[in-house]
Amino acid sequence: MFVRTASERDLEAVRALLVETWHATYDPLYGAEGVTAISERWHSVVWLKQLMRRPRSEFIVADTGSELAGMAYAAIKENDSGLVEVEELDVRPSMQGKGVGRMLLAELEESFWDCRLMRLEVEEKNSRALDFYRAGGFVELQRRPATRWVNATIVTLEKPLG
């Protein structure tokens, strides 16, 4: 398995990975219909293409040679060049617990070597993700209500880089 920069020809596979991963993770919390509605907004190929074109960002995939095992996307915050925000890190359910997430996160950290801080947000009921990030050195910064799309609490985590 290797980590590489995503290309436009990956976007359909990335979308399928995101839909599969989000359903596996969030159906018990929001129901399949709710997750489908979120995915239609946040995981469309059009939206992914916009992310790919954003300056000062990294859009990467973990590739087994036959399928995508995971994906990650991070970008430098517009008003703070020392802060990188991880906006998405997802691993196919069948590949979770096999080091894919660690590979993706390590690649993001190396890609933003000149930033002082990495920040991300996790739904508080996603305990597996919270445990993963805490094991990777992230600490909780704050909690806040989620967007209007879901009734949830978002945990903000951060980690010093460099």
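Note that the structure is predicted; figures quoted are calculated from it, not measured.

**Student:** Account for the packing of helix α1 (residues 11–42) against helix α2 (residues 45–53), with residues named and values stated.
**Tutor:** Across the interface, α1 lies against α2 with an axial gap of 9 Å and an inter-helix angle of 120°. In terms of their interaxial angle, α1 and α2 are classed as oblique. The crossing of α1 and α2 is right-handed. Taking contact as the criterion, the partners of Leu 11, Glu 12, Val 14, Arg 15, Leu 18, Arg 41 and Trp 42 in α1 are, on α2, Val 45, Trp 47, Leu 48, Lys 49 and Met 52. In the contact of α1 with α2, the residues fall into eight nonpolar, no polar and four charged.

**Student:** Go over the side chain of Ser 57, please, and point to the residues and values.
**Tutor:** You can see Ser 57 is positioned in strand β2 (residues 57–63). A relative accessible area of 18% places Ser 57 in the buried class. Side-chain polar atoms of Ser 57 contact the backbone oxygen of Arg 54, separated by 2.7 Å. Those residues in contact with Ser 57 that lie beyond four places of it in its chain are Leu 51, Tyr 73, Ala 74, Ala 75 and Phe 112.

What counts, and where the lines are drawn
- Residues numbered from 1 in each chain as written.
- Predicted model: local features only at pLDDT ≥ 70, side-chain atom pairs only at ≥ 80, totals over all residues.
- Heavy atoms only, no water.
- Axes fitted to C-alpha atoms, helices over the stretch in contact; angles between N-to-C directions.
- Helix = DSSP H or I, 4+ residues; strand = E, 2+ residues; numbered from the N terminus.
- Parallel < 35°, antiparallel > 145°, perpendicular 65-115°, else oblique.
- Left-handed = near helix turned anticlockwise from the far one by under 90°.
- Contact = heavy atoms within 4.5 Å.
- Nonpolar A, V, L, I, M, F, W, Y, C, P; charged D, E, K, R; others polar.
- Buried < 20%, exposed > 50% of the residue type's maximum accessible area, 1.4 Å probe, protein only.
- Polar contact = N/O pair within 3.5 Å; in protein donor to acceptor, adjacent residues only side chain to side chain.

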